[in-house]
Amino acid sequence: MAELQFREALRAAMTEEMERDENVFLMGEEVAEYNGAYKVSQGMLDQFGPKRIIDTPISENGFSGLGIGAAMMGLRPIIEFMTWNFAFVAFDQIVSNAAKMRYMSGGQLKVPIVFRGGNGAAGQLAATHSNSTEPFYANVPGLKIVAPSNPDDAKGLLKSAIRDDDPVLFMESELMFGMKGEVSDAVDYTIPIGEARIAREGDDLTIVAHSKSYWLAMEAAEELSKQGYEATVIDPRTIRPFPFDAVIDSVKKTNRLVIVDESQPFGGIASEVGFQIQQRAFDYLDAPVQRVTAKDVPAPYAKNLIEAWMPSVDDTIAAAKRALYVN
Amino acid sequence: MAEKKTTSTAKKATASKTAASKATASKTAAKKTTASKTTAKKTTAKKTTRKPAPRKAPAKRTTARKAAAENPVPGAVGGDGAPSPIEGQSLNLGHAEAINAPGDADFRFYTEVDAYTHEELGLDVETLLDMYRNMLMQRRFEERAAQMYGRQKISGFLHLYIGQEAVSTGSVWATRPDDPIITAYRDHGLGLARGMSANACMAELFGKVDGSSRGKGGSMHFFDVSKHFYGGHGIVGGQIPVGVGLAFACKYKETGGVSLTYFGDGAINQGSFHEAANLAALYELPALLICENNQYAMGTSVERSRGSVDLYKQGYPYDMAGVLINGMDVFTVYKAMKDITDEAREGKPFMVDMRTYRYRGHSMSDPQKYRTKEEMEAKKDEDPIVRLKAYMLEHKLAENDALDTIDDEVKQVVLGAVEFAENSPYPPVETMYEDVYVQDDYPFIS
Ligand SMILES: Cc1ncc(C[n+]2csc(CCOP(=O)(O)OP(=O)(O)O)c2C)c(N)n1
């Protein structure tokens, strides 16, 4: 075990996979000479050279498509988006090509590509730069979506994503690149895509939260504990496929569910989880499913507004109390 | 530019190529060559056929412009003061204007028709017959598909390629079978040229399980990866970056291959084209960006969608050589594609403006009100299949009867394909859930 930053864990995953498989390469804006906009790929150009660590122009549509074509011929590209906010210009490539190529070719093609980069809101960046983009892609069959909440998961899951034969969208919270944590250095350390992590166990309610929101959920759970309510906290780690079984099992014990999700409420991840649980575990619920999301407006700039816009610990505690019928 | 009947202007221009290709050649010189119309015979033309000299790949990155300036390609007119590539051609190439190119432009013109003999191109009679058979296969396949559409055996979109067969056959014959090909939704011709079976293609149109995509792709999405045919794609321009990715993989894996990315003249207005062109040039990829310029995007003619209608110039901002090809003559296509493919393999992308024409509507629902009967009539003489047939008869390479027999055989194959498609079952409903992920036990659908 070593103590690594989130960005270092990502780098370790990419480095190990590139050492293992020469078909893996990294491409994106500023990934090479500049060492990465968020320094995720620091030093990788020196180690692997310009054939495999490739700077691109600001052409998200172009280089995403390039990666897809390369993957169709057996390479395993990692495409870094400076942040997922800018991947909207590559939406067509991800949705029409990466996701659907296999299906439309009747299973002839596979597209083993990883798209990764910072996601979500990071302080006062205003509306264009503060999107949690999971739901846009979660609606598309053919894609897998991973959103880890800590450095160790980031490493294990990214290694799995690179080895995966299907397109994986890997979403890193922009505010978490500097977060430190113990990271396994076991050879071939991988975490399967699609398995939840139970971070905390308690009988009174279940809180589900991924990525940055996971830390809100943990803080809220600590506070609730002080007030006498014990929560189970589940980090799904993967958005698609979503590990519904883990949530259902927990709801069967706790009978109450809160979902924390930084994306917009309408048609968001929390909405889908809420729906699935009412359908598959309705008889076990003792209260309506509660969700804590970003507010249903574009992200504002002003400090007080963006703070009010994002899901908070207080919002989470309030939602938990609604589920517990206390207050 | 309206059509000009055959004159030897261009040939004459070629003859005086020393003057034309000199960077210093003045506009007056160009005018002179253009003005001096003579009625030189075809034979003369053949002798003076432009043959771009083989060029060594530059040791280090030399820009196309620099390379062109340092190493002018004999016969490839271009640059300052070069004569119009279009004037004096026998075919109406659409809207190409007299070029007014910067002096450092590397533009190549393969606009002549009936300019090459099969011997010059190294094509034996057997191969010619194969090419003829292949073009006929595309034509007959689609005629029958249109009929089946009328009978509602085929649904959805059906975009016919009829008229463009010289492009597919000429370029496939000029390249390696493992050079990856990708195209848009008008994909039947290229798929068949690359060797996809008529059975699998027709069954795909019928939406049957034996179709090339197991009934999940339809007309716009033929794929045959075993033939390095990476599909037809339904989003205008979306396949262009992917095609550049195929070129990237060729270079990365050192296969020696070159990717052939086809798209329409409408697609050139998409950002994806410009992004992909820049990436191809920047990374020096073995990529041919081939615009099948049939002069219409649905009902919008090139003139109504472009500031500049000379699409071969679209690579210029990226320092890419531009090639204008007469896509109605399979020999011209073959010759041009052979020349540039050899160069492209070394990591030199090209922007290809393939002038062609579609005789049918954009899709089956198109009443074609946007073009006149006269235009269509005028284009009839350019039919690439008729042209090849005439060549073979004229040169006594085949008897009319033998060519008719080929046509009959092809028609039989297509009828067999219809029967095959009819008899193939619909895909079992469970297969709807297959082919989404490689990992087929994936817990998505429950
Ligand atoms: C992004 C996108 N916009 C619009 C369409 C609808 N559409 C399909 S084909 C077409 C015309 C394209 O013309 P062109 O690229 O010249 O190809 P051609 O049909 O001439 O082969 C249009 C507008 C589409 N499929 N994709």
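So, a few notes on the structure that sits alongside this text. (Residues numbered from 1 in each chain as written. Chains lettered and ligands numbered in written order. Predicted model: local features only at pLDDT ≥ 70, side-chain atom pairs only at ≥ 80, totals over all residues. Heavy atoms only, no water.)

Of the regular secondary structure elements, chain B holds 16 helices and 9 strands. Here chain B holds 446 residues, and 59% of them are scored as buried. Summarising the internal contacts of chain B: among those between residues at least 6 apart in sequence, 77% fall at separations of at least 24. Accessible surface, chain B: about 17800 Å² in total, of which carbon and sulfur atoms supply 52%. (Helix = DSSP H or I, 4+ residues; strand = E, 2+ residues; numbered from the N terminus. Buried < 20%, exposed > 50% of the residue type's maximum accessible area, 1.4 Å probe, protein only. Contact = heavy atoms within 4.5 Å. Areas by Shrake-Rupley, 256 points an atom, 1.4 Å probe, with all protein chains shown as cover.)

To continue, consider the packing of helix H3 (residues 60-72) of chain A against helix H4 (residues 91-98) of chain A. If you want to describe how two helices pack, look at the angle between their axes and the distance between the axes. All names here are of chain A. Running from N to C, H3 and H4 point in directions that differ by 25°, and their axes come no closer than 8 Å. Taken together, H3 and H4 sit at an angle that is classed as roughly parallel. In this structure, the crossing between H3 and H4 has a hand that is right-handed. On the side of H3, the interface is formed by Asn61, Ser64, Gly65 and Ile68, while H4 contributes Gln93, Asn97 and Ala98. (Axes fitted to C-alpha atoms, helices over the stretch in contact; angles between N-to-C directions. Parallel < 35°, antiparallel > 145°, perpendicular 65-115°, else oblique. Left-handed = near helix turned anticlockwise from the far one by under 90°.)

Take the interface of chain B and chain A next. Opposite the 42 residues of chain B that make contact, chain A presents 49 residues. Broken down residue by residue, the surface that chain B buries against chain A is led by B:Tyr252, B:Tyr437 and B:Val438, which jointly contribute 19%. Of all elements in the fold, only strand S3 (229-233), helix H11 (239-252) and helix H12 (271-282) of chain B reach the threshold of two or more residues within the side of chain B that touches chain A. Among the elements that take part in the side of chain B that touches chain A, H11(B) stands out by supplying 9 residues, more than any other. Here the residues of the side of chain B that touches chain A sort into 24 nonpolar, 10 polar and 8 charged. (Buried area = accessible area lost by both parts, 1.4 Å probe. Nonpolar A, V, L, I, M, F, W, Y, C, P; charged D, E, K, R; others polar.)

Residues and elements named next belong to chain B. With respect to topology, 7 strands assemble into an open sheet ordered S1-S8-S9-S5-S4-S2-S3, the strand pairing being parallel. The sheet terminates laterally at strand S1 (107-110) and S3, the two strands that pair on one side only. Strand-to-strand twist in this sheet, taken as the mean axis angle between neighbours without regard to direction, amounts to 15°. Note: strand S2 (residues 181-184) against strand S4 (residues 259-264), 2 bridges, orientation parallel. In the strand pairing of S4, Ile182 is matched with Thr261. Strand contacts of helix H13 (residues 330-344): S1, S4, strand S5 (287-293), strand S8 (321-326) and strand S9 (350-355), with the helix running at about 160° to S8, the strand carrying the most contacts. (Pairing = 2+ DSSP bridges.)

Below, the discussion takes up the environment of B:Met196. Residues and elements named next belong to chain B. Looking at the secondary structure, you find Met196 in the loop between helix H9 (188-193) and helix H10 (198-205). Taking the C-alpha atoms as reference points, Met196 and Phe222, 26 residues apart in sequence, are found 9.0 Å from one another. Contact partners of Met196, with chain neighbours within four places excluded, come to Gly191, Cys201, Ser212, Phe222, Phe223, Asp224, Lys227 and Phe229.

Turning our attention to the pairing of strand S14 (residues 290-293) of chain A. When strand S13 (residues 257-261) of chain A meets S14(A), the two strands line up parallel, connected through 4 bridges. The residue of S14(A) that forms the bridge with A:Asp261 is A:Thr293.

Before going further, it helps to spend a moment on the packing of aromatic side chains. The tally for this structure, following the rule as stated, stands at 19 aromatic pairs over all chains. An angle of 55° between the planes, with centres 6.3 Å apart, marks the rings of B:Phe107 and B:Tyr316 as tilted. Pair noted here: B:Phe107 is in strand S1 and B:Tyr316 is in the loop between strand S7 (300-301) and S8, with a separation of 209 residues, a long-range link. Aromatic rings pair up to connect A:Phe63, A:Phe81, A:Trp84, A:Phe91, A:Phe115 and A:Tyr137 into one cluster. Its guanidinium or amino end placed over the ring of A:Tyr34, A:Lys39 lies 4.0 Å from that ring's centre, counting from NZ or CZ. Taking the ring centre of B:Tyr426 as reference, the NZ or CZ of B:Lys208 above it sits at 4.8 Å. (Phe/Tyr/Trp six-rings, centres within 6.5 Å; stacked < 30°, edge-to-face > 60°. Lys NZ or Arg CZ within 6 Å of the ring centre and 35° of its normal.)

Looking now at the pairing of S8(B). Residue and element names in this part refer to chain B. Here S8 lies mainly inside the structure; 6 of its 6 residues are buried. Burial of S8 is two-sided: the residues Ala321, Val323 and Ile325 facing one way and the residues Gly322, Leu324 and Asn326 facing the other way are all buried. Note that S8 and S9 share 6 bridges and pair parallel. Each bridged residue has a counterpart across the sheet, and for Leu324 the counterpart in S9 is Asp353. Taken together, S8, H13 and S9 form a β-α-β motif whose crossover is right-handed. (Right-handed = clockwise from strand over helix to strand, strands pointing away.)

All right, on to the site of the ligand then. Residues and elements named next belong to chain B. What surrounds the ligand is a group of 15 residues, the closest being Tyr185, Arg186, Gly266, Asn294 and Tyr296. Here a nitrogen atom of the ligand and a backbone polar atom of Gly234 are 2.9 Å apart. A breakdown of the residues in the shell around the ligand according to their chemical character gives 7 nonpolar, 6 polar and 2 charged. (Near = heavy atom within 4 Å. Polar contact = N/O pair within 3.5 Å; in protein donor to acceptor, adjacent residues only side chain to side chain.)

This brings us to the sheet that holds strand S11 (residues 231-235) of chain A. Residue and element names in this part refer to chain A. What the 5 strands build is an open sheet, ordered S9-S11-S10-S13-S14; its pairing is mixed. Of all the strands in the sheet, just strand S9 (197-200) and S14 have a single pairing partner and so form its edges. Within the sheet, the average angular offset between the axes of one strand and its neighbour, ignoring direction, is 25°. In this sheet, S11 lies alongside strand S10 (residues 205-209) in parallel orientation, the contact comprising 4 bridges. When the sheet's bridge partners are listed, Val208 is paired in S11 with Ile234.

Another aspect to go through is the nonpolar core. Counting 81 residues, the largest nonpolar core has A:Phe115, A:Tyr137 and B:Phe248 as the members making the most contacts within it. Per element, the largest residue contribution to this core is 9 residues, and it comes from H11(B). The residues touching B:Phe248, leaving out its near neighbours within four places in the chain, are A:Phe25, A:Met27, A:Ile54, A:Leu66, A:Ala70, A:Leu75 and B:Leu285. Judged by nonpolar contacts, the second largest core, of 74 residues, contains B:Met148, B:Ala166, B:Val167 and B:Met328. (Core = buried A, V, L, I, M, F, W, Y, C linked by side-chain atoms within 4.5 Å.)

This brings us to the pattern of salt bridges. A full pass over the atoms with the stated rule returns 46 salt bridges over all chains. Here A:Glu230 and A:Arg200 are joined by a salt bridge, their closest N and O atoms 3.3 Å apart. Of this pair, A:Glu230 sits in the loop between helix H8 (211-226) and S11 while A:Arg200 sits in strand S9; the two residues are 30 residues apart in sequence, bridging distant segments of the chain. The exposure class of A:Glu230 is partly exposed, given its relative accessible area of 30%. On the basis of relative accessibility, which here comes to 13%, the residue A:Arg200 falls in the buried class. Across the pair B:Asp383 and B:Arg139 runs a salt bridge, and its minimum N-O distance is 2.8 Å. Placement of B:Asp383 in the loop between helix H14 (373-380) and helix H15 (384-394) and of B:Arg139 in helix H7 (residues 125-150) is noted, with a sequence separation of 244 residues between them. Of the two residues, B:Asp383 and B:Arg139, neither departs from the other in class, the shared state being buried. Through salt bridges with shared partners, a single ionic network connects A:Glu16, A:Glu17, A:Arg20, A:Lys155, A:Lys159, A:Arg163 and A:Asp188. (Salt bridge = Lys/Arg side-chain N within 4 Å of Asp/Glu carboxyl O.)

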